[in-house]
Amino acid sequence: SQTIHQWPATLVQPVGSPLSLECTVEGTSNPNLYWYRQAAGRGLQLLFYSVGIGQISSEVPQNLSASRPQDRQFILSSKKLLLSDSGFYLCAWRWEIGELQYFGPGTRLTVL
Amino acid sequence: ELKVEQNPLFLSMQEGKNYTIYCNYSTTSDRLYWYRQDPGKSLESLFVLLSNGAVKQEGRLMASLDTKARLSTLHITAAVHDLSATYFCAVDRFRRAQKLVFGQGTRLTINP
């Protein structure tokens, strides 16, 4: 069966500090991978998606970046965090031609 | 630009009652998803609706899709407390990459 992991689960960072969030998927190969952000009390916004190693599409302009160094690993990064980067970050995966996206447990980021 | 709007955004109801959550979207799409989110948790997939007229049911929840009206509904029958959660609809903006655009969410509270 397939499992998706995210870490850390929670993170408190000062403004201007760097960020690295990791997402890994087990039990599948060549998944499509997604990063979403959910601001408090809001819906989800797609930030990045990837259809393969090294292939990243950015959906919104921002100070975040994403990388996919391995088939089942997706990393969200920032060089300098802003207050507005606070939120609940969710990673999701789907089969290459699948219909459903499956979401990870999420990382709650607070920037102070 | 695809926009997805849900209403109501907040719904408080009594156990045993019926109610409907509405999801309107602004541009053509024939794929719509419903998700559930418990407080502080990730998203759980409920339904995938893939064509006009599609209807799916699971327990006390039933979802339908009218692509001509650009409308999906999530109907709750004889509500029970365990259904208290936030419900999101999402529309597929670009099928191949499955870029989902989410509604704002409907926070449902079911009182005993």
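Basis of the calculations
- Residues numbered from 1 in each chain as written.
- Chains lettered and ligands numbered in written order.
- Predicted model: local features only at pLDDT ≥ 70, side-chain atom pairs only at ≥ 80, totals over all residues.
- Heavy atoms only, no water.
- Disulfide = S-S within 2.5 Å.
- Helix = DSSP H or I, 4+ residues; strand = E, 2+ residues; numbered from the N terminus.
- Buried < 20%, exposed > 50% of the residue type's maximum accessible area, 1.4 Å probe, protein only.
- Polar contact = N/O pair within 3.5 Å; in protein donor to acceptor, adjacent residues only side chain to side chain.
- Contact = heavy atoms within 4.5 Å.
- Pairing = 2+ DSSP bridges.
- Axes fitted to C-alpha atoms, helices over the stretch in contact; angles between N-to-C directions.
- Salt bridge = Lys/Arg side-chain N within 4 Å of Asp/Glu carboxyl O.

(A) Spatial organisation of the state of the cysteines. Tallying each qualifying case throughout the model produces 2 disulfides over all chains. Note that C23(A) is cross-linked by a disulfide to C91(A), the S-S spacing being 2.0 Å. Given an S-S torsion of about -70°, the disulfide between C23(A) and C91(A) has left-handed geometry. Taken as a pair, C23(A) in strand β3 (residues 19-26) and C91(A) in strand β9 (residues 87-94) lie far apart in primary sequence, 68 residues in all. Classification of C23(A) by relative accessible area gives buried; the value is 1%. The exposure class assigned to C91(A) is buried, which follows from its relative accessible area of 0%. Through a disulfide, C23(B) is tied to C89(B); the S-S separation comes to 2.0 Å. In this structure, the disulfide formed by C23(B) and C89(B) twists by about 85° around the S-S bond and is classed as right-handed. Residue C23(B) is located in strand β3 (residues 19-25), and its partner C89(B) is located in strand β9 (residues 85-92); the two are separated by 66 residues in the primary sequence. C23(B) sits in the buried class, given a relative accessible area of 0%.

(B) Molecular detail of the side chain of S50(A). Residues and elements named next belong to chain A. With respect to the secondary-structure elements, S50 resides in strand β5 (residues 44-52). In terms of polar contacts, S50 uses its side chain to reach the backbone carbonyl oxygen of G52, at 2.9 Å. The residues touching S50, leaving out its near neighbours within four places in the chain, are P31, N32, L33, Q55, I56, R68 and F74.

(C) Fine view of the sheet that holds strand β1 (residues 4-7) of chain B. Residue and element names in this part refer to chain B. One open sheet holds the 5 strands; their spatial order is β1-β3-β8-β7-β6, and the pairing between them is antiparallel. Strands with a single pairing partner mark the edges of an open sheet, and in this sheet they are β1 and β6 (55-58). Shown here is a sheet whose adjacent strand axes are inclined to one another by a mean of 15°, direction ignored.

(D) Structural view of the environment of G106(A). With respect to the helices and strands, G106(A) occurs in the loop between β10 (102-103) and β11 (107-111). Not counting chain neighbours up to four residues away, the residues in contact with G106(A) comprise Q6(A), P8(A), A9(A), F88(A), Y89(A) and L90(A).

(E) Local environment of the pattern of salt bridges. Taken as a whole, this structure holds 4 salt bridges over all chains when the rule is applied. As a salt-bridge pair, K99(B) and E59(A) come within 3.2 Å of each other at their nearest N and O atoms. Of this pair, K99(B) sits in the loop between β9 and β10 (100-102) while E59(A) sits in the loop between β6 (55-58) and β7 (64-70), each in a different chain. A relative accessible area of 22% places E59(A) in the partly exposed class.

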